[in-house]
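Listed below, chain by chain, are the residues.
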Amino acid sequence: MIVRIHDITAACPRCGGIEFEPLTAGPLRLPSELRCTGCGAKTRYLALLDQIGEEAMRRANRALEDLKKNRRS
């Protein structure tokens, strides 16, 4: 499975892979553990969602800075 929200995809912190498999059956919950199919590293679903949130904030801040620069011109 790929953990993605809109155009932001979570990546394995170890290898950068984007494919994960749940370690337990059933619906994903925030504390659910996932394993990277590329390197086998374990991570939590919450950590991947946090990663996506951080990238979204970086993009939003960058867009705000660009708007401020364009207003000054």
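Residues numbered from 1 in each chain as written. Predicted model: local features only at pLDDT ≥ 70, side-chain atom pairs only at ≥ 80, totals over all residues. Heavy atoms only, no water.

Colleague: Would you mind going over the overall build of the protein chain with me for this structure?
Modeller: Across its full length, the protein chain holds 1 helix and 5 strands. Helices and strands appear in the protein chain in the N-to-C order β-β-β-β-β-α. A compact globule built from 73 residues should have a C-alpha radius of gyration of about 11 Å, whereas the protein chain, at 16 Å, is more than 25% larger. Along the first, second and third principal axes, the C-alpha set of the protein chain runs to 55 × 25 × 15 Å. Summarising the internal contacts of the protein chain: among those between residues at least 6 apart in sequence, 33% fall at separations of at least 24. (Helix = DSSP H or I, 4+ residues; strand = E, 2+ residues; numbered from the N terminus. Rg over C-alpha atoms; globule rule 2.2 N^0.38 Å. Contact = heavy atoms within 4.5 Å.)

Colleague: I tried to follow helix H1 (residues 45-72) on my own but got confused; where do I start?
Modeller: The α-helix advances 3.6 residues per turn, and as a result positions three or four apart in sequence lie on the same side. With 28 residues, H1 should cover 40 Å at 1.5 Å per step; its first-to-last C-alpha distance of 41 Å lies within 8% of that length. Within H1 the residues assigned to the buried category are Tyr45, Leu48, Ile52 and Glu55. (Expected span 1.5 Å × (residues − 1). Buried < 20%, exposed > 50% of the residue type's maximum accessible area, 1.4 Å probe, protein only.)

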